[in-house]
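Commentary on secondary and tertiary structure
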Amino acid sequence: EVRWFYREERKSWKPFIGYDSLRIELAYRAWGGSPAGSSSNSSPEAFEPGSPGIPPSEPVCVRGGLYEVDVANSESYPVYWNQSEKIPVMRGQWFVDGTWQPLEEEESNLIEQEHLSCFKGQQLQENFDMEVSKPLDGKEVIYHLPPFSLHSLFKWRGYKENTEAAGLKRKWSEAVHSLKLSRTHVDWHSVDEVYLYSDATTSKIARTVTQKLGFSKASSSGTRLHRGYVEEATLEDKPSPTTHIVFVVHGIGQKMDQGRIIKNTAMMRDTARKIEDKYFSNLATHVEFLPVEWRSKLALDGDTVDSITPDKVRGLRDMLNSSAMDIMYYTSPLYRDELVKGLQQELNRLYTLFCTRNPEFIEKGGKVSIVSHSLGCVITYDIMTGWNPVILYEQLLEKEYDDLEDTWMSYEEQHLLEEFYLTKRRLKEIEERLHGLKKSTISKTPALKFKVENFFCMGSPLAVFLALRGIRPGNSGSQDHILPRTICNRLLNIFHPTDPVAYRLEPLILKHYSNISPVQIHWYNTTNPLPYEHMKPSFLNPAKESTSVSESDSLPTLPSPTTSPVLARRHYGESITNIGKASIMGAASIGKGLGGMLFSRFGRASAPASQALEAGKEGPELEEKKPSLSQASITTQTFPHSSSGFLDPTTLRCSGNNLCGFVLASFLVDLEHRIDFELREGLVESRYWSAVTSHTAYWSSMDIALFLLTFMYKQEQEEEEEEEDGIKSHLEPV
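For the protein, the name recorded in an unreviewed UniProt entry is DDHD domain containing 1, with Podarcis muralis as its organism. The Sequence similarities (unreviewed entry) field of the UniProt record for the protein holds the comment "Belongs to the PA-PLA1 family."

Shown next as structure tokens:
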């Protein structure tokens, strides 16, 4: 019934779970703490056989392995990150009624010693009655509570008045014992009836007045105390084993507010705990979140930037130097590698430390995911893919040298260029031989020591970085276009609609996804939400224009055959209703190296097929090269949409030339998995205010916590089902 507590950031005391509390208590007694202060006749031998004993010199691992407790100094500290302030811990023996907060340890020890000196060793009656008076019809009637044994006193869970006993008033005799403390005193009325009173002047006056009015001393200003916690600590009350760890990577601004990522990760962890208890309590697994603080250990330029900063508006300048300067550091060829190595080393350090302390994690196939925020997404991506700007620089140099061949040069310039190419070829051969020798002696180690299962980007500018590096949309819906699945199994981009730093990733894979809205993340309290993999894509609001092709429209102004037309974009968060019908008109041509030119137009009504053919006849060159196409009967079909704007490709039909089937097939290329996921805006949310606060509002979101756990637990459940199916198929007779 002794319970250990911890307190963070001067908040109320929080109890350790039963498993942790028992292990701390055993370490406390092994260190030299007296078991006489226990609330019941318990000793180290009284615990169940096989209880884990803790040597006094070793700290006790608590709270799922994230913290350790130093019993001798009564403090706790984190294992995986640095924290300047130690977390105090306390041994609770006496507790306040109602709140069950422990008394301060010094007072609790004095009360416990006085309690044992008065009641220990005395012959107490096994059964006794308690008189309770209750006014009934103006008369005072005395009731006798049912007797109970002395043994039940120590197994009592606390006195709780019910509605029927709300008006009961005890007939108090004088206190059998009293203890004077520094600012309070304690009265014992019986073994289990103990009250704490304040000795302040105001409290004394209040007690005098209320007692003259007929109220008892305890009911007027006393605080009832309980010996032993409301819930006994048991070894079964232990956390589930961790099967999935999530590294949380911060973005810019960590230098400005050191330790912020630790607080943000704690918020995300606490939110995930609530979601786990509500939706995944039946699973015997656990997801753990670990903060990755990589910025504070970097030296970078020292104080050079601070020394050149003007003194005027110094506060604003210092804020920019501590936040936005990280972006400039990362784009600098001098400091970029330092940032990359700092994050890479911290990720590997945390993973190695976790596996050392949890050897069963790898044995049971534990998985690792990464949640990155802001600039951290870009750095994490570059670490996983091994991207380096030097490679891009070499490609640009080669392109420049190739362009030199097309320009006029003198004989001397040509001779020097030939020598340059020969020297370059020779240098490349030497480099290849050198790399071959290194590979034969030293095996190349990957950047990260673990395979990334899920890469969650929050408020990420990764898409704009990739676009500036030359990444352009392709014609396949595979994630491998930007992040190979051999490196990371799943990429998910989470953003708030008004986050000014966040960008979409899907249009970098397939161009026409710029016209398809991102997937809406479910609210955490949604009843029976539709699984994300079953959600159909919905179009953004199309431009309000006619779908017919006017006479001024000519084929050279039509979209590229590999892209879809860019429509007027809606503001995120607006309704996706009243989309109307979408139609496709096909026109084909064969030009220089092009198999055909296709374009798609959306509108409220379908355009006649003849109009599309007339538009195609305006180009005489096209008719000469492919006259049969002008005779083809290509009928336009309206895309089947529901009232909510969903596209159902299974109901599409096409008649006429086989080219129409190719048109629809090329248009309906879908992503293997959706990547962009958008938070829902609040009903009374201001977009302008959200633009300021949304970039840092991801950490405590219940919606995001449910989203993360849904994908991580879903993968584990799918793997368990596959294993069960494999076992069943193996056991079935041939």
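1. Details of the overall build of the protein
Along the backbone of the protein there are 20 helices and 24 strands. Buried residues in the protein amount to 42% of all 734 residues. Taking as baseline every contact in the protein between residues at least 6 positions apart, the subset at least 24 positions apart corresponds to 72%. Carbon and sulfur atoms make up 54% of the accessible area of the protein, which amounts to about 41300 Å² in all.

2. Topic: a nonpolar patch on the surface
On the surface, a cluster of nonpolar side chains totalling about 460 Å² of accessible area is made up of Met256, Val313, Leu316, Met319 and Leu320. Its place among the elements puts Val313 in the loop between helix H6 (304–307) and helix H7 (314–322).

3. Observations concerning the sheet that holds strand S7 (residues 94–96)
The sheet built from 5 strands is open, its strands ordered S7-S14-S13-S12-S11 with antiparallel pairing. In this open sheet, the two edge strands, each paired with only one partner strand, are S7 and strand S11 (177–180). Mean inter-strand twist for the sheet, computed between neighbouring axes without regard to direction, equals 30°. Of the pairings in the sheet, the one linking strand S12 (residues 184–188) to strand S13 (residues 194–198) comprises 5 bridges and is antiparallel in character. The residue of S13 that forms the bridge with Trp188 is Val194. Of the strands in this sheet, S7, S11, S12 and strand S14 (223–227) touch helix H2 (residues 105–119), which is tilted by about 30° from S12.

4. Points about the nonpolar core
Counting residues in each nonpolar core, the largest one holds 104 residues, and the members touching the most others are Phe247, Ile379, Phe450, Phe455, Leu505, Phe707 and Leu708. Look past the residues within four positions of Leu708 in its chain and what remains in contact with it is Met268, Phe289, Val371, Phe456 and Ile494. Core analysis: the second largest hydrophobic core is formed by 14 residues, Ile111, Cys118, Trp188 and Leu196 among them.

5. Overview of the pairing of strand S17 (residues 367–373)
Within S17, 7 of the 7 residues are buried, which leaves the element mostly enclosed by the surrounding structure. Across the two faces of S17 the burial is the same, with Lys367, Ser369, Val371 and His373 and Val368, Ile370 and Ser372 all buried. As paired strands, strand S15 (residues 242–249) and S17 are joined by 6 bridges and run parallel to one another. Within S17, the position partnered with Ile245 by the bridge is Val368.

6. Some points on the pairing of strand S18 (residues 452–458)
In terms of burial, S18 is largely enclosed, as 7 of its 7 residues are buried. Bridge count between S17 and S18: 6 bridges; the pairing is parallel. Paired with Val371 across the bridge in S18 is Phe456. Where S18 meets strand S19 (residues 488–495), 6 bridges bridge the pair, whose relative direction is parallel. Each bridged residue has a counterpart across the sheet, and for Cys457 the counterpart in S19 is Asn493. Handedness of the crossover is the feature at issue here: the chain leaves S18, passes through helix H14 (residues 462–468), returns alongside S19, and the resulting connection is right-handed.

7. Digging into the packing of helix H9 (residues 336–357) against helix H11 (residues 375–385)
For the pair H9 and H11, the least separation of the axes is 10 Å and the interaxial angle reads 80°. By the angle between their axes, H9 is roughly perpendicular relative to H11. Contacts between H9 and H11 pair Arg336, Leu339, Val340, Leu343 and Gln344 from the former with Ile379, Thr380, Asp382 and Ile383 from the latter. Looking at the contact of H9 with H11, its residues break down into 5 nonpolar, 2 polar and 2 charged.

8. Description of the packing of aromatic side chains
Summed over the entire model, instances satisfying the criterion amount to 24 aromatic pairs. Between Tyr6 and Phe16, the ring centres sit 4.9 Å apart and the planes meet at 50°, which makes this aromatic pair tilted. Remark: Phe16 occurs in the loop between strand S2 (14–15) and helix H1 (18–31) and Tyr6 occurs in strand S1 (residues 3–6); sequence separation between them is 10 residues. Phe16 shares its class with Tyr6; the two are buried. Summarising the aromatic geometry, the rings of Tyr532 and Phe707 are spaced 5.3 Å apart at their centres and angled 80° between planes, so their arrangement reads as edge-to-face. Of this pair, Tyr532 sits in the loop between strand S20 (519–520) and strand S21 (582–583) while Phe707 sits in helix H20 (residues 702–731), placing them 175 residues apart in sequence. Classification of Tyr532 as buried rests on a relative accessible area of 12%. Accessibility expressed as a relative area gives 0% for Phe707, which makes it buried.

9. Quick look at the pattern of salt bridges
For the structure shown, the criterion picks out 23 salt bridges. Of the charged contacts, one joins Lys297 and Glu346 as a salt bridge, the two residues approaching to 3.0 Å between their closest N and O atoms. Of this pair, Lys297 sits in the loop between strand S16 (286–292) and H6 while Glu346 sits in helix H9, and the two are 49 residues apart along the sequence. A residue is classified by how much of its surface remains accessible, and Glu346, at 7% relative accessible area, is buried. Among the charged side chains, a network of salt bridges with common partners joins Arg336, Asp337, Asp382 and Arg469.

10. Considering unusual backbone geometry
Note on backbone geometry: most residues besides glycine have negative phi, and most peptide bonds are trans. Despite not being glycine, Arg63 shows a phi value in the positive range, around 55°. Secondary-structure assignment places Arg63 in the loop between strand S3 (60–62) and strand S4 (67–70). In this structure Arg63 comes out as partly exposed when scored by relative accessible area, which is 22%.

11. Some thoughts on H11
The α-helix winds at 3.6 residues per turn, so residues separated by three or four positions along the chain end up facing the same way. By the criterion of burial, H11 is predominantly enclosed, with 10 of the 11 residues buried. Buried residues of H11: Leu375, Gly376, Cys377, Val378, Ile379, Thr380, Tyr381, Asp382, Ile383 and Met384, and no others. Backbone geometry just after H11 places Gly386 at a positive phi near 75°.

Conventions used here
- Residues numbered from 1 in each chain as written.
- Predicted model: local features only at pLDDT ≥ 70, side-chain atom pairs only at ≥ 80, totals over all residues.
- Heavy atoms only, no water.
- UniProt positions renumbered as here; feature names shortened; annotations may be inferred.
- Helix = DSSP H or I, 4+ residues; strand = E, 2+ residues; numbered from the N terminus.
- Buried < 20%, exposed > 50% of the residue type's maximum accessible area, 1.4 Å probe, protein only.
- Contact = heavy atoms within 4.5 Å.
- Areas by Shrake-Rupley, 256 points an atom, 1.4 Å probe, with all protein chains shown as cover.
- Patch = residues over 30% accessible without salt bridge, like charges linked within 9 Å, V, L, I, M, F, W, Y side chains within 5 Å.
- Salt bridge = Lys/Arg side-chain N within 4 Å of Asp/Glu carboxyl O.
- Pairing = 2+ DSSP bridges.
- Axes fitted to C-alpha atoms, helices over the stretch in contact; angles between N-to-C directions.
- Core = buried A, V, L, I, M, F, W, Y, C linked by side-chain atoms within 4.5 Å.
- Right-handed = clockwise from strand over helix to strand, strands pointing away.
- Parallel < 35°, antiparallel > 145°, perpendicular 65-115°, else oblique.
- Nonpolar A, V, L, I, M, F, W, Y, C, P; charged D, E, K, R; others polar.
- Phe/Tyr/Trp six-rings, centres within 6.5 Å; stacked < 30°, edge-to-face > 60°.

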